[in-house]
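Structural overview for review
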Amino acid sequence: MLPMTGLRLQSPLRTISVLLVHFLLAHFCRGQSQLIGSPQPIVATIGDDIILPCHLEPAVDITAKTLEWTRPDLDPRFVYLWRAGQDHVKAKNPAYKGRTLFAGELKHGNISLKLSKVKPSDEGRYRCYIPDLTIDSFIVLVVGE
Ligand SMILES: *[C@@H]1O[C@H](CO)[C@@H](O)[C@H](O)[C@H]1NC(C)=O
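Presented here is a report on the structure given in the accompanying data block. Everything numeric here is computed off the predicted structure, so don't read it as measured data. (Residues numbered from 1 in each chain as written. Predicted model: local features only at pLDDT ≥ 70, side-chain atom pairs only at ≥ 80, totals over all residues. Heavy atoms only, no water.)

With respect to the sheet that holds strand S9 (residues 113–115)
- Judged by pairing direction, the sheet is antiparallel, and its 3 strands sit side by side in the order S3-S9-S8 without closing on themselves. Among the strands making up the open sheet, the edge pair consists of strand S3 (50–52) and strand S8 (100–102). When strand polarity is set aside, the average angle formed by the axes of neighbouring strands in this sheet is 30°.
- Direction of pairing for S8 relative to S9: antiparallel, over a ladder of 3 bridges. (Pairing = 2+ DSSP bridges. Helix = DSSP H or I, 4+ residues; strand = E, 2+ residues; numbered from the N terminus. Axes fitted to C-alpha atoms, helices over the stretch in contact; angles between N-to-C directions.)

Some remarks on the site of the ligand
- Residues in close proximity to the ligand include Ile51, His55, Ala103, Gly104, Asn110 and Ser112, which together make up its full environment.
- Here an oxygen atom of the ligand and a backbone polar atom of Ala103 are 3.0 Å apart.
- Between the ligand and Asn110 there is a distance of 2.3 Å, counted from an oxygen atom to a side-chain nitrogen or oxygen.
- Of the residues contributing to the shell around the ligand, the split by class is 2 nonpolar, 4 polar and no charged. (Near = heavy atom within 4 Å. Polar contact = N/O pair within 3.5 Å; in protein donor to acceptor, adjacent residues only side chain to side chain. Nonpolar A, V, L, I, M, F, W, Y, C, P; charged D, E, K, R; others polar.)

Description of the nonpolar core
- Grouped together as the largest cluster of nonpolar side chains are 27 residues, with contacts concentrated most on Leu52, Trp69, Phe102, Ile111 and Leu141.
- Among the elements that make up this core, the one with the highest residue count is strand S11 (residues 135–144) (4 residues).
- Not counting the four nearest positions on each side in its chain, Phe102 is found in contact with Leu67, Trp69, Tyr80, Trp82, Ile111, Ser112 and Leu113. (Core = buried A, V, L, I, M, F, W, Y, C linked by side-chain atoms within 4.5 Å. Buried < 20%, exposed > 50% of the residue type's maximum accessible area, 1.4 Å probe, protein only. Contact = heavy atoms within 4.5 Å.)

As structure tokens, this is what we get:
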């Protein structure tokens with residue numbers, strides 16, 4: 001009971017200022033655009049070809065930007081790396097060689113990734129990231145039998 005009472009007695013002005021600071025930080029420090037992935041895990045079956053969704057809102061042409069798809073738990077972490085308008089195959093983790101490709105249209109801010117022939121070891125947390133805009137989004141892949 002006591003902690004609840006304490007919360008209610010907190011000055012509403014303070015709460016509003018905290019919210020305002022969060023709003024300002026989100027909008028002015030991280031840039032206007034947002035990367036949208038998937039709030040739910042993507043569920044796949046072994047052997048499936050799947051799409052890991054990720055797109056920019058509002059949509060802008062990102063063809064000339066560096067775009068990274070990574071799995072932070074791997075070394076090398078790159079699942080797909082697009083830099084200077086090219087696919088950097090050499091940077092890619094060998095486990096993903098020949099199995100990843102952009103599926104969306106970069107011109108329309110869509111950096112969704114196609115992953116072919118899903119394996120159990122593909123299960124994990126993927127990050128799509130645009131370094132220039134310092135925005136990212138995480139997508140979880142779950143692989144079933
Ligand atoms: C992005 O591209 C993927 C793959 O083609 C597609 O499934 C998805 O609907 C596209 N997303 C948007 C927001 O256009």
